[in-house]
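Here's the letter readout for the chains.
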Amino acid sequence: MSTLDYYPIKQKIESMTCPDCKKHPKMIIKERDDFEVECCCKPFKETIIKRGRELILEAARKHISGSFDK
């Protein structure tokens, strides 16, 4: 079974900009379903985590749906 592709999620996360610091986060994909996010401040990290969960859920739904179509 194939794993979820985190690179589109990484691109979306890293394109975000902190409204206070004006910096971009960095998403590090470590292994199979393991990653971490580095960013400038705690409030922005909370925003990133929330958005990341949404993106992962959306990608998982598409991945599962695509598996059934095959």
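Here's what I pulled together on the structure shown here. Nothing here was measured: the structure is a model prediction, and the numbers come from that model. (Residues numbered from 1 in each chain as written. Predicted model: local features only at pLDDT ≥ 70, side-chain atom pairs only at ≥ 80, totals over all residues. Heavy atoms only, no water.)

All right, on to the packing of aromatic side chains then. What characterises a pair of aromatic rings is the spacing of the ring centres plus the angle enclosed by the ring planes. One pass over the full model with this rule turns up 1 aromatic pair. Taking the centre distance of 5.5 Å and the plane angle of 45° together, the rings of Tyr-6 and Phe-35 count as tilted. Here Tyr-6 is found in the segment before α1 (7-14), whereas its partner Phe-35 is found in strand β2 (residues 34-38), with 29 residues between them in sequence. Taking relative accessible area as the criterion, Tyr-6 reaches 10% and is therefore assigned buried. (Phe/Tyr/Trp six-rings, centres within 6.5 Å; stacked < 30°, edge-to-face > 60°. Helix = DSSP H or I, 4+ residues; strand = E, 2+ residues; numbered from the N terminus. Buried < 20%, exposed > 50% of the residue type's maximum accessible area, 1.4 Å probe, protein only.)

Another point: the pattern of salt bridges. Here the structure, examined in full by the defined rule, presents 4 salt bridges. Of the charged contacts, one joins Lys-10 and Glu-14 as a salt bridge, the two residues approaching to 3.9 Å between their closest N and O atoms. Here Lys-10 and its partner Glu-14 are both found in helix α1, 4 residues apart, which amounts to about one turn of the helix. Looking at Lys-10, the relative accessible area reads 22%, which means it is partly exposed. Salt-bridge contacts for Arg-51 lead to Glu-54; the nearest nitrogen and oxygen are separated by 3.3 Å. You can see Arg-51 and its partner Glu-54 sitting in helix α2 (residues 42-69), 3 residues apart, about one turn around the helix. (Salt bridge = Lys/Arg side-chain N within 4 Å of Asp/Glu carboxyl O.)

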